[in-house]
Amino acid sequence: MLFQLGSTLLDACVLAVLSKSDAYGYTLTQQVKTVLDISESTLYPVLRRLQKDGALETYDEPYQGRNRRYYRITDRGRALYANYLSEWNSYKNSVDSLLGGESNE
């Protein structure tokens, strides 16, 4: 993608994925990568920050003799995601209007 994307959009994408189902880091990265060019090393600080802010919580599940850390969206995270989605739709409509040459009237 040619456009630079800020951390808020990355937060929104992470919350969007987790609003559908819990995920562990690798699968979460793979899902977000379908729309944004990110690495796991980029994603983990985002996950830690969202967890610190109360938007995510974690739990461990055993997998092949090791534990996998799963991330789950919280009620606070759902509210934050709803706000991001509203803001995104407004922003997207404004940009679509401008780039598509449609009138804002």
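Each remark here, short or long, concerns the structure printed above.
Residues numbered from 1 in each chain as written. Predicted model: local features only at pLDDT ≥ 70, side-chain atom pairs only at ≥ 80, totals over all residues. Heavy atoms only, no water.

Q: Could you clarify how one ought to interpret unusual backbone geometry in this entry?
A: If a residue is not glycine, its phi is most likely negative; likewise, a peptide bond is most likely trans. Backbone geometry at Q64 places phi at a positive 50°, although glycine is not the residue there. Within the fold, Q64 resides in the loop between β2 (56-63) and β3 (66-73). With relative accessibility at 67%, the residue Q64 sits in the exposed group. (Helix = DSSP H or I, 4+ residues; strand = E, 2+ residues; numbered from the N terminus. Buried < 20%, exposed > 50% of the residue type's maximum accessible area, 1.4 Å probe, protein only.)

Q: I tried to follow the environment of K20 on my own but got confused; where do I start?
A: Checked against the element boundaries, K20 lands in helix α1 (residues 7-20). Note on K20: relative accessible area 67%, which makes it exposed.

Q: Please explain helix α3 (residues 40-52) as it appears in this structure.
A: Each turn of an α-helix holds 3.6 residues, which means side chains three or four residues apart point in the same direction. With 13 residues, α3 extends 18 Å between its outermost C-alpha atoms, agreeing within 8% with the 18 Å of an ideal straight helix rising 1.5 Å per residue. Considered for burial, the residues of α3 that qualify are L43, V46, L47 and L50. The buried residues of α3 occupy an angular sector of 105° when projected down its axis, which confines them to one face. Seen from the buried face of α3, the exposed residues on the opposite side, beyond 90 degrees, are S41, R48 and K52. Along its buried surface, α3 packs onto α1, α2 (25-33), β2, β3 and α4 (75-100). Note on α3: the residue one or two positions beyond its end, G54, has a positive phi of about 85°. (Expected span 1.5 Å × (residues − 1). Arc of directions from axis to C-beta. Contact = heavy atoms within 4.5 Å.)

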